[in-house]
Amino acid sequence: MNEPDQERGEGLEARLRAALDARAQTFDAAPDAWARLERRAPRHRRLRWALAALPVALLASFVPALLGGGRGEITANDVNAIHQRLMRDRTAMGERVTLDNPAEGRPLHLWFAKARLGYPELCYVVERSEGPAFGDCGGLRLLSRSVPGWYEGTTQTGGAAVTMDYGVALPEVTAVTGVGANGRGVPGTLLRPAGAPYVIWAVSYPSGEKVSSVRLSGSDGKVLDELSRMILPAARAAERTADRPAGDPLELPEGLVVQPRQVVDGRALRWTRRGAPVGQSSLQPQYLLKEAPVQVRHHQSTVFGVARADVARLTFTGGTGQSTSARAVPDPWNLGLVLFAGQKPDGWDESHRTTAYDAAGRELWHDDWSPPEDPGPERRVSEIVAVPGTADFTHGPVRLWFTEEAGENVLCSSGGVTPIGERHSSCGMNVGGPDSFSLGWTITYLPEPGVKLVYGMAGPGWRGVDAVLPDGRRIPARFLTVPGGPARVWYVRHPLTAEIAAYAIEQKGRRLEDVHFTEPRCRPAKQADGRADGQAHALDSGVTAVLQEGNCATFWKDGRSLPNSFETIPGGRLADTIADERPIRWSSDGDLWYGFTLAGTARIEITLPGGGTGTAVTVPDPWGQGVALFSGSRSDGDTFVPGMTFTGYGPDGAVKWTYEPEGYS
């Protein structure tokens, strides 16, 4: 760099740093500011897009490198500037850690933060081998005992020799292993940032190796969960065989890459970030820019999209009054479009305005957005009712109402936020039959430690609904009448960190509760030597009954588990799942039928609609579950179909009960 160039670069850098200190990123620059800034710096093909559209916070760090020949050198100032920008309205939750990014040969910085509305996020800064660093923060999935970990990203890119997948997990996870071809284990790494609520895991492997999942284990070596790699958008995109590239990719600011693709229904622009799809813009004439000259999308703290060719610059103004700006870049594929990417301003989620300008600075178009209001009476079939005790929710109180969609009444709600902090609003829970069960939920992170509200429609004969905790304790629901609505609504409020194992419904005229589990917890398990894991008891026909942890009854034959398992509500026994109204729990596999029935039953006969029969002798369960176990075979020439009848006999041969199931089992 010669002396005049160096003086010009240092002067520009000083002015930009002063602008950063004054938080100049928040004002709307003059219409020709970008053009004037471009004229001050030489153009380098490799980074032709970077200078024009980078926010001031990054320009302050990258201008010397660009003026120096475009070497793309990264300094601590770059990472720190991005970190400071991201943490402007966030609170750190632990220290910042670093992983080696094999795709870039540079560090990947990760840390946890608490957003303004209280929800946890994973933040990152990606250093680049060429081009500017970029970073962002994104909301996390709610982790629990049933979901102890999750994928958060991958470095998978075309041409990289090594891929690194990474994610988060609960602190009780002590080991992570990638599952490769033929079950081969790929050792992973766990990072425990001081003061953080979660651990960070990473698994690196040759890009040519097919790693299908990640296994999370606890301190006793027990597998807590196995996460399918198909959770990753990048992995799902790689499985798409119906689309193919229709042009070279173009890199834009904020780490966004856009590429035309030939998809099932025509051509589209695929937007990706860190290898993961974040949006798609159809290029079909009937969809492309039909409603406005600008199509805006957003992901985390980034705004991006396409616009008409005469758009040169866009500004984005959030609800707080802060503005950011992005320069429009002509597409290199001769589509007659321009592309843009920039940062969201503060207050974007509360309300925002998008404004498009031409090259002379004249406004071409603007659009104002604000959160949708609860619908007026023309769209509703009921009044809007506030749920008692939810005034403290973010965007509260929570409101419920019924509306009609496609000829069906559905339950709608607003208020609270999603796990990633977005404003909650939903419709679509249909009013089903008397035994149907569905639920919705919304949460608030503030005030801490946060609250979750679960709600649903009650059947006509429902007397009560309980949310059941894993230790068997129950939280009773309350009922709410929605004037004009087709059904009552039940709701349960509980701490955000509380895990609900099941919902138990008490119905008028029934002894047995209807139980709906939130996660399947009763899965047949084997020990390391291949034997069924649990307390085993031999039955007829070569069948073995096994009671696993959590009062989970499974049935086995010849070393394999038979279809279906039987789970009890936390704190309950198998005996709690049967009564005179349903005296038997059963399943079948081929000619076999097996299960358990009321204690005191000595023998069971089955009569099939086609005339076939079967007999099974019972034995008392050895586990203190209060039931009798059985297995048997049916006669040839018939199948298990609706319309069959079970008959239970006592030790004296007298009929103890009869039962005709409404369905198959």
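Residues numbered from 1 in each chain as written. Predicted model: local features only at pLDDT ≥ 70, side-chain atom pairs only at ≥ 80, totals over all residues. Heavy atoms only, no water.

**Points about the side chain of T618**
Secondary-structure assignment places T618 in strand β47 (residues 613-620). Classification of T618 as buried rests on a relative accessible area of 11%. Only 2.4 Å separates the side chain of T618 from the backbone oxygen of T601, close enough to count as a polar contact. Each residue touching T618, except ones within four places of it in the same chain, is listed here: T597, T601, A602, R603, I604, A628, L629 and F630. (Helix = DSSP H or I, 4+ residues; strand = E, 2+ residues; numbered from the N terminus. Buried < 20%, exposed > 50% of the residue type's maximum accessible area, 1.4 Å probe, protein only. Polar contact = N/O pair within 3.5 Å; in protein donor to acceptor, adjacent residues only side chain to side chain. Contact = heavy atoms within 4.5 Å.)

**Concerning the packing of aromatic side chains**
What the rule picks out here adds up to 17 aromatic pairs. Note on F112 and Y198: the rings are 5.9 Å apart at their centroids and 65° apart in plane angle, and the pair reads as edge-to-face. Residue F112 is found in strand β3 (residues 106-114), and its partner Y198 is found in the loop between β10 (189-191) and β11 (199-206); the two are separated by 86 residues along the sequence. You'll find F112 and Y198 in the same group, each marked buried. (Phe/Tyr/Trp six-rings, centres within 6.5 Å; stacked < 30°, edge-to-face > 60°.)

**Describing the state of the cysteines**
If you walk through the whole model with that rule in mind, you get three disulfides. Residue pairing for C412: its cysteine sulfur links by disulfide to C427, the two sulfurs lying 1.9 Å apart. Of note, the bridge from C412 to C427 carries an S-S torsion of about 120° and is right-handed in sense. Taken together, the positions of C412 in strand β29 (residues 408-417) and C427 in strand β30 (residues 423-430) put the pair 15 residues apart, joining distant regions of the chain. Under the relative-accessibility criterion, C427 is labelled partly exposed at 41%. One disulfide in the model links C522 with C552; its S-S distance is 1.8 Å. On the S-S bond that ties C522 to C552, the torsion sits near 85°, and the link is right-handed. (Disulfide = S-S within 2.5 Å.)

**Looking at the nonpolar core**
Ranked by internal contacts, the top residues of the largest apolar core, which has 31 residues, are F555, I584, W586, W593 and F646. At the level of secondary structure, the elements contributing two or more residues to this core comprise β40 (544-548), β41 (552-557), β44 (584-589), β45 (592-598), β46 (603-607), β48 (627-634) and β50 (655-659). Take this core: its biggest share by element is five residues, from β45. Counting 20 residues, the second-largest nonpolar core is a separate cluster that includes L99, L108, L122 and Y198. (Core = buried A, V, L, I, M, F, W, Y, C linked by side-chain atoms within 4.5 Å.)

**Thoughts on the environment of A309**
When you line up the elements, A309 lands in the loop between β20 (302-308) and β21 (313-318). Sequence separation between A309 and V338 is 29 residues; the distance between their C-alpha atoms is 5.4 Å. Those residues within four positions of A309 in sequence are excluded, and the remaining contacts are G336 and V338.

**Structural notes on the pairing of β41**
A large share of β41 lies buried, amounting to five of its six residues. Sheet analysis places β40 next to β41, joined by five bridges and oriented antiparallel. By the bridge assignment for β41, A545 is matched with F555. Between the end of β40 and the start of β41, which pair antiparallel, lie three residues, with G550 showing a positive phi angle near 85°. Relative to strand β43 (residues 566-567), β41 runs antiparallel, the two sharing two bridges. Residue pairing in the sheet places A553 in a bridge with F566 of β43. Where β41 and strand β42 (residues 560-561) come together, two bridges link them in antiparallel fashion. If you follow W556 over to β42, its bridge partner there is S561. The turn joining β41 and β42, which pair antiparallel and follow one another in sequence, is formed by two residues; a positive phi near 55° is taken by D558. (Pairing = 2+ DSSP bridges.)

**Some words on the pairing of strand β4 (residues 120-126)**
For β4, a buried count of seven out of seven residues is recorded, marking the element as mostly surrounded by other parts of the structure. Relative to β4, β3 runs antiparallel, the two sharing seven bridges. Looking at β4, one finds that L108 is bridged to V126. Linking two consecutive strands that pair antiparallel, namely β3 and β4, is a turn of five residues; a positive phi of about 95° is found at G118 within it. As defined by bridge partners, β4 adjoins strand β5 (residues 134-139) across six bridges and the pair is classed as antiparallel. Along β5, the bridge assignment pairs V126 with F134.

**Structural notes on the pattern of salt bridges**
In this structure the tally under the stated criterion is 26 salt bridges. Residue R184 pairs with E209 through a salt bridge whose shortest N-O separation is 2.6 Å. Pair noted here: R184 is in the loop between β8 (175-179) and β9 (185-187) and E209 is in the loop between β11 and β12 (213-217), with a separation of 25 residues, a long-range link. On the basis of relative accessible area, R184 is assigned to the partly exposed category, the value being 45%. Between D358 and R362 there is a salt bridge, with its nearest N and O atoms 3.1 Å apart. One network of salt bridges, in which partners are shared, links D89, R90 and E121. (Salt bridge = Lys/Arg side-chain N within 4 Å of Asp/Glu carboxyl O.)

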